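Coordinate inspection notes
What follows is each chain in one-letter form.
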Amino acid sequence: MKVQKMCIIAMLMAMAIAVAVLESFIPSFSIPGIKFGFANIIILVTLYEFGLIDALIVNLGRVFVASLIRGTLFQMGFFMSLTGALLSMIVMWVLIKCFKKLTPIAVSVVGAVFHIAGQFLIAIPFLGTINILYYAPILLLISVGTGILNGIVVILIKKTKVLENLKLKYNL
């Protein structure tokens, strides 16, 4: 990997970590565990511009370092975040590769829904009950809304062609 590309990936990871940590200070409006997923904007942009492996590096770095900063490393929230992040990223990558006409908004919405699904995959066995699924409709509704918002931001970032120009400049 070229040094310039490593620097860009490190910058994207730092941005994702900063956004994830800052987002934890936003109140959840009386709904426990609700987050907007703004760090997923960085992950989705990385998927579009650099591909799965680089997005995986950024995403894993974000989950581990943000959890370390928050003091939740290796707690239930960490595993929920990790599972949701990996599942949603893989699904978004498949959508980007197989359905090239899908907009970033559609990809983001599906990713947000699968992020919630991944979190339930951890929460149900950890809590030992499926009753947590009663919480699913509100989480899915909110995830669709945040997925739309995040997808719009991804479109706006892609329109700037900042990363595309960096890739051309450094022949990446």
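The paragraphs below set out a description of the structure included in this document. (Residues numbered from 1 in each chain as written. Predicted model: local features only at pLDDT ≥ 70, side-chain atom pairs only at ≥ 80, totals over all residues. Heavy atoms only, no water.)

If you look at soluble globular proteins, the nonpolar side chains tend to sit buried side by side. By size, the foremost hydrophobic cluster in this structure holds 27 residues, and its most contacted members are Leu12, Leu44, Leu47, Phe50, Val58, Val107 and Leu163. Of all the secondary structure elements, the ones that give two or more residues to this core are α1 (3-23), α2 (39-50), α3 (52-70) and α4 (76-98). Residues in contact with Leu163, not counting those within four places in the same chain, are Ile8, Leu12, Val45, Glu49 and Phe50. Of all hydrophobic cores here, the second largest spans eight residues; its members include Phe120, Ala123, Ile132 and Leu139. (Core = buried A, V, L, I, M, F, W, Y, C linked by side-chain atoms within 4.5 Å. Buried < 20%, exposed > 50% of the residue type's maximum accessible area, 1.4 Å probe, protein only. Helix = DSSP H or I, 4+ residues; strand = E, 2+ residues; numbered from the N terminus. Contact = heavy atoms within 4.5 Å.)

Our focus in this paragraph is the packing of α2 against helix α7 (residues 162-169). Geometrically, a packed helix pair is captured by the angle between its two axes and the distance between the axes. The geometry of α2 relative to α7 is characterised by a closest axis approach of 10 Å and an angle of 40 degrees between their N-to-C directions. In terms of orientation, α2 lies oblique with respect to α7. Crossing geometry of α2 relative to α7 is assigned as right-handed. Contacts between α2 and α7 involve Val45, Glu49 and Phe50 on the former and, on the latter, Leu163, Glu164 and Lys167. Along the lines of polarity and charge, the residues of the contact of α2 with α7 split into three nonpolar, no polar and three charged. (Axes fitted to C-alpha atoms, helices over the stretch in contact; angles between N-to-C directions. Parallel < 35°, antiparallel > 145°, perpendicular 65-115°, else oblique. Left-handed = near helix turned anticlockwise from the far one by under 90°. Nonpolar A, V, L, I, M, F, W, Y, C, P; charged D, E, K, R; others polar.)

Okay, the side chain of Arg62 next. In this structure, Arg62 sits in helix α3. No salt bridge is formed by the buried Arg62, whose closest oppositely charged neighbour, Glu23, lies at an N-O distance of 6.7 Å. Side chain to side chain, Arg62 and Asn59 meet in a polar contact 2.8 Å long. Filtering out sequence-adjacent residues up to four positions away, Arg62 remains in contact with Met13, Ala16, Ile17, Ala20, Ala39, Asn40, Ile43, Ser67, Ser81 and Ala85. (Lys, Arg positive; Asp, Glu negative; His and termini not counted. Salt bridge = Lys/Arg side-chain N within 4 Å of Asp/Glu carboxyl O. Polar contact = N/O pair within 3.5 Å; in protein donor to acceptor, adjacent residues only side chain to side chain.)

The tally for this structure, following the rule as stated, stands at three salt bridges. Here Lys5 makes a salt bridge to Asp54, at a shortest N to O gap of 2.9 Å. Of this pair, Lys5 sits in helix α1 while Asp54 is found in helix α3, placing the two residues 49 residues apart along the sequence. Close ionic contact of Lys167 with Glu49 constitutes a salt bridge, the shortest N to O distance being 3.4 Å. Taken together, the positions of Lys167 in helix α7 and Glu49 in helix α2 put the pair 118 residues apart, joining distant regions of the chain. Each member of the pair Lys167 and Glu49 is classed as buried.

Next up on the list: the packing of aromatic side chains. In the structure shown here, the tally under the stated rule is six aromatic pairs. Summarising the aromatic geometry, the rings of Phe36 and Phe38 are spaced 5.2 Å apart at their centres and angled 10 degrees between planes, so their arrangement reads as stacked. Relative accessible area serves as the criterion here: at 25%, Phe38 is assigned to the partly exposed category. Measuring from ring centre to ring centre gives 5.0 Å for Phe64 and Phe78, while their planes differ by 65 degrees; the resulting arrangement is edge-to-face. On the criterion of sequence distance, the pair formed by Phe64 in helix α3 and Phe78 in helix α4 is long-range, its members being 14 residues apart. Classification of Phe64 as partly exposed rests on a relative accessible area of 33%. Directly above the aromatic system of Phe50 lies the positively charged group of Lys167, at a separation of 5.4 Å from the ring centroid. (Phe/Tyr/Trp six-rings, centres within 6.5 Å; stacked < 30°, edge-to-face > 60°. Lys NZ or Arg CZ within 6 Å of the ring centre and 35° of its normal.)

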